[in-house]
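# Residue-level structural notes
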Amino acid sequence: MKRFWYLSQLIFFLFPYSIHAADNVVNIYAWANEIPDFVVRLFEKETHIKVNISTYENNEIMYTKLRTTKKNAAYDIVMPSSYFVDRMRHHDMLEKLDKTKIPHWKNLNSQFLNPTYDPDSSYSVPFIWGVTGIFYNSNYFPNNSASAAVPTIPGFQERASSPRRSIPSMVATSFKPGMVGTAAEANNSIKKWNDLWDERFYNKLMLLDDTREIFSMGLLALGYSPNDSNPEHIKAAFLKLKELMQNVKVFSSDTVVSIIIDEDATVGMSWNGDAYKAFQDNKNIKFVFPEEGFVIWVDTFAIPKNAPHKEAAYAFINFMLRDDIGKEVALYTTFPSANAAAQKLLPAEISQNPIIYPTQDILKHGHFQTDLSDETLALFEKYWEELKMSG
Amino acid sequence: MRISSLSSSVYFTLTYLFFYIPIILLIVYSFNNTQYSLLWHGFTWRWYVELFSDSDLWISTWHSFFLGIAAATIATWIGLLAAVCLYRYRFFGRNFLNGLVFILILSPEIVMGASLLILFTLVHLPLGFMSLLLAHISFCIPFVIVTIYSRLVSFDKNIFEAAKDLGAGDWLIFLRILVPLLWPALFAGWLLSFTLSLDDVIISYFVAGPEFQILPLQIYSMVRSGIKPEINALCSVLFCLTFILVLMSQLALRKKV
């Protein structure tokens, strides 16, 4: 019996913080790979607040965990994406933010304040964001002379093409007058979602393995809003997407970047941050902001109701909004930061890069995702099953 | 004869290749000089350097090891007592209890995870190390019982009769005869529990709290944003440690014989 006693002593003394949570602590439930380790250590060093960080890989997991464990899982900060902010604030799961405790709020890019999913920005702090658009490999689809492909993005070609590619593209530019002359040439360029339906992409596309993203594409291709909940429109989108299935080579969400770099798929939909990651290893990768519009997702910080360490949570959020920290995060994730002050600190090749930070004119075509009713989501799921079966 | 020995060696080679090729690939990729691409880009130690400077990952690894050792040790103790009890004593409901052990082994993890979460919520146990430990002990116990019980039934019952005849009490029989004879089974049960605890995702997901992040959950959550070769490096290190442990135990056993 003595051995039992020793064992229990061992457990209780080696892990004092598991018995009673210290006050000087902040418990964070975050997206994996969005908060770099060294930033957390720096925060601990500066404030002497201990950070416990757990990670999740999709909103549903975080949401379920918070719903099922109400009081006995004491999270102080969570990171819902746009439409989950909408859902969580409707279910009264989020604390109203006291902005006087977040002096660095002023660093935020005003474009991401008061979004449709959180009209007064009173529950969420935008952190990083991204756009779902089209990527393609210019080695396989060279006819996309960039000026024709993305007329709305000045400087896109110069930025997106590498030194390695610059000579051929210069050649292409110098011969352009003759080449662009034909109508076929113009038809060959990829600039909108509808172009993906082209039969030359037979069995070539990679699509994101995500119901909401796919239906957003279908709805946008038909000219509807990605937040449309009219069953007729959703059905139309489903029929439209069904035609696309023969072009699809792979659905992916985990290995998107490898698939793009290794040229397993040469055209398809991706997030701009992933396209940029791929571009760093494979200079032929181009990214297009589709003309019909596109979805902008935002990952935010929010404080759940009943968070036990609210002061520490504010301190952490404020720390993350500091310009130098925002810069480190942006470099680490390669996704665009909602922090305007941090964007200024980034090297020009990133802060001026139209893949990562598109111009205001382009961003105007973006839609924030808002929460949809359970009926609409069920409808999506039903059609999604059918789509995957047919593909 | 010749053909059959050839075909059997081919068969074994193929079987072992099937087991080990993924692990070898994982180790090879941990030296690949690229973050995302799955093609070979040259040799590098970069991911090992990053691994050893990533304190977050090490904290989770340490948490997982500690949890595994604690859960396996406690589960082995409880399992030993339960197995001996089921074997040595006849009492009402014994067969029923024996059956319940198998039900626990066969029941889907998700059922156990959800039910433990409901229980912990009812008794207001904060989710964290304690909830994880209790959960891991409870899913390890049945495996320990089965391992030890199968060894017990191979014993000659006369040993116990003889011991009793010579005046040994129950406690003495347990300590002097059962435990020494059961030593390999105890060790096997402990290792089995440790491994189960180390790689459990489903039950842990339900009962993990904010203060105690463990390795399998962390690796799992990294999948969406792309597994870094750093994880390959960590898995390679863990695999090599296992390899050395197994080698050492084999050598130790050989000496005894």
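Given the structure is predicted, the values throughout are model-derived calculations rather than measurements.

Moving on, we come to the overall build of chain A. Helix and strand counts for chain A come out as 20 helices and 10 strands. Residues counted as buried form 45% of the 391 residues belonging to chain A. Within chain A, residue pairs in contact and separated by at least 24 positions form 78% of the contacts whose partners lie at least 6 positions apart.

Let's shift gears to the overall build of chain B. A count of helical and extended segments in chain B gives 11 helices and 0 strands. Written out in order from the N terminus, the α and β elements of chain B read α-α-α-α-α-α-α-α-α-α-α. With the C-alpha coordinates of chain B rotated into their principal frame, the extents come out at 70 × 65 × 30 Å. Counting over 257 residues, chain B shows a buried share of 32%.

The next subject is the domain arrangement of chain A. Residues and elements named next belong to chain A. You can read the domains of chain A as domain 1 (17-128 + 298-361) and domain 2 (131-296 + 371-390). Taken residue by residue, the interface counts 15 residues in domain 1 and 16 residues in domain 2. It is helix H5 (residues 82-90) that provides the largest number of residues to the side of domain 1 that touches domain 2, a total of 4 residues. Split by residue class, the side of domain 1 that touches domain 2 holds 8 nonpolar, 4 polar and 3 charged.

With 154 residues, the main nonpolar core has Ile77, Ile260, Ala275 and Ile317 of chain A together with Val207 of chain B as its most contacted residues. Among the elements that make up this core, the one with the highest residue count is helix H6 (residues 129-152) of chain B (12 residues). The residue makeup of this core includes at least three contributed by each of domain 1 (17-128 + 298-361) and domain 2 (131-296 + 371-390) of chain A. Sequence-distant contacts of Ile317 of chain A, defined by excluding residues within four places in its chain, comprise Ile77, Ile102, Val125 and Phe301 of chain A.

Interface size, as often reported, equals the accessible area lost upon joining of the parts. Each side of the interface is counted separately: chain A has 33 residues, and chain B has 35 residues. For the side of chain A that touches chain B, the elements supplying multiple residues, two or more each, are helix H1 (2-14), helix H2 (16-19), strand E1 (25-31), helix H3 (37-47), strand E2 (50-56), helix H13 (256-261) and helix H14 (272-281) of chain A. Among the elements that take part in the side of chain A that touches chain B, E2 of chain A stands out by supplying 5 residues, more than any other. Partitioning the side of chain A that touches chain B into residue classes produces 14 nonpolar, 12 polar and 7 charged.

Next up on the list: the sheet that holds E2 of chain A. By definition, the strands of a sheet pair up through backbone hydrogen bonds, in either a parallel or an antiparallel sense. Strand order in the open sheet formed by 3 strands is E2-E1-E3 (chain A), and the pairing between neighbours is parallel. Looking at strand neighbours, the two that pair on one side only are E2 and strand E3 (77-78) of chain A, the edges of this open sheet.

Attention shifts here to the environment of Asp199 of chain B. Its location among the elements puts Asp199 of chain B in the loop between helix H8 (170-198) and helix H9 (202-207). Between the alpha carbons of Asp199 of chain B and Leu215 of chain B there is a distance of 8.2 Å; along the sequence they are 16 residues apart.

Looking at chain A as a whole, the pLDDT averages 82, with 82% of positions reaching at least 70. Predicted confidence for residues 16-21 of chain A stays below pLDDT 50, and this span has 10 contacts to residues more than four positions away or in other chains.

As a further point, take unusual backbone geometry. Residue and element names in this part refer to chain A. Phi at Asn114 takes a positive value of approximately 50 degrees, unusual for a residue other than glycine. Residue placement: Asn114 occurs in the loop between H5 and strand E4 (125-137). Accessibility expressed as a C-beta count within 10 Å gives 11 for Asn114, which makes it exposed. One non-glycine residue, Asn203, adopts positive backbone phi at about 55 degrees.

Glancing now at the pairing of E4 of chain A. Residues and elements named next belong to chain A. Burial of E4 is extensive: 13 of the 13 residues sit out of reach of the surface. As judged from the 7 bridges shared by E4 and strand E9 (residues 294-301), these two strands associate in the antiparallel manner. Counted as the bridge partner of Pro126 is Thr300 from E9. Pairing of E4 with strand E7 (residues 267-271) involves 5 bridges; the strand directions are antiparallel. Each bridged residue has a counterpart across the sheet, and for Tyr136 the counterpart in E7 is Val267.

Here we take up the packing of helix H12 (residues 231-244) of chain A against helix H20 (residues 374-390) of chain A. All names here are of chain A. As a packed pair, H12 and H20 sit with axes 10 Å apart at the nearest point and diverge in direction by 15 degrees. Between H12 and H20, the angle falls in the class roughly parallel. Seen along the crossing, H12 lies across H20 with a hand that is right-handed. For the pair H12 and H20, contact is made by Pro231, Ile234, Phe238, Leu241 and Lys242 and by Leu379, Tyr383, Leu387 and Ser390, respectively. Among the residues forming the contact of H12 with H20, the class breakdown is 7 nonpolar, 1 polar and 1 charged.

On to the packing of helix H3 (residues 55-88) of chain B against H8 of chain B, then. All names here are of chain B. At a closest axis distance of 8 Å, the pairing of H3 and H8 adopts a crossing angle of 140 degrees. With respect to each other, H3 and H8 are oriented oblique. Once H3 is placed against H8, the crossing between them reads as right-handed. Taking contact as the criterion, the partners of Ser64, Leu67, Gly68, Ile69, Ala71, Ala72, Thr73, Ala75, Thr76, Gly79, Leu80 and Val84 in H3 are, on H8, Phe174, Leu178, Leu186, Gly189, Trp190, Ser193, Phe194, Ser197 and Leu198. A per-class count over the contact of H3 with H8 returns 13 nonpolar, 8 polar and no charged.

Along the chain, Ala312 of chain A turns up in helix H15 (residues 310-320). Ala312 of chain A sits 21 residues away from Thr333 of chain A along the chain, and the two C-alpha atoms are 24 Å apart.

Turning to H6 of chain B, a few remarks are in order. An ideal rise of 1.5 Å per residue puts 34 Å on 24 residues; H6 of chain B measures up with 33 Å between its terminal C-alpha atoms. Of all the bends in H6 of chain B, the greatest, near 30 degrees, is centred on Cys140 of chain B, and the proline Pro142 of chain B appears no more than four residues after it.

Turning next to helix H11 (residues 211-221) of chain A. Because the α-helix completes a turn every 3.6 residues, residues three or four places apart line up on one side. All names here are of chain A. Burial within H11 is extensive, with 9 of its 11 residues counted as buried. Those residues of H11 lying buried are Glu213, Ile214, Phe215, Ser216, Met217, Gly218, Leu219, Leu220 and Ala221. Of the surrounding elements, those touching the buried residues of H11 are E4, strand E5 (205-208), H12, E7, E9 and H20. Following H11 by one or two positions, Gly223 has its phi on the positive side, about 90 degrees.

On to the confidence of the model for chain B, then. Residues and elements named next belong to chain B. Scored by pLDDT, chain B has a mean of 87; 96% of the residues are at 70 or more. Ranking the helices and strands of chain B by mean pLDDT puts H6 first, with 93, and helix H11 (residues 229-256) last, with 81. The complex prediction reports pTM at 0.78, with the ipTM value standing at 0.73.

Each value, and the rule that gives it
Residues numbered from 1 in each chain as written. Chains lettered and ligands numbered in written order. Predicted model: local features only at pLDDT ≥ 70, side-chain atom pairs only at ≥ 80, totals over all residues. Helix = DSSP H or I, 4+ residues; strand = E, 2+ residues; numbered from the N terminus. Buried ≥ 20, exposed ≤ 12 C-beta atoms within 10 Å, placed from the backbone. Contact = placed C-beta atoms within 7 Å. Domains from an automatic or database assignment. Nonpolar A, V, L, I, M, F, W, Y, C, P; charged D, E, K, R; others polar. Core = buried A, V, L, I, M, F, W, Y, C linked by C-beta atoms within 7 Å. Pairing = 2+ DSSP bridges. pLDDT = per-residue confidence, 0-100. Axes fitted to C-alpha atoms, helices over the stretch in contact; angles between N-to-C directions. Parallel < 35°, antiparallel > 145°, perpendicular 65-115°, else oblique. Left-handed = near helix turned anticlockwise from the far one by under 90°. Expected span 1.5 Å × (residues − 1). Bend = angle between axes of the 7 residues up to and from the residue.

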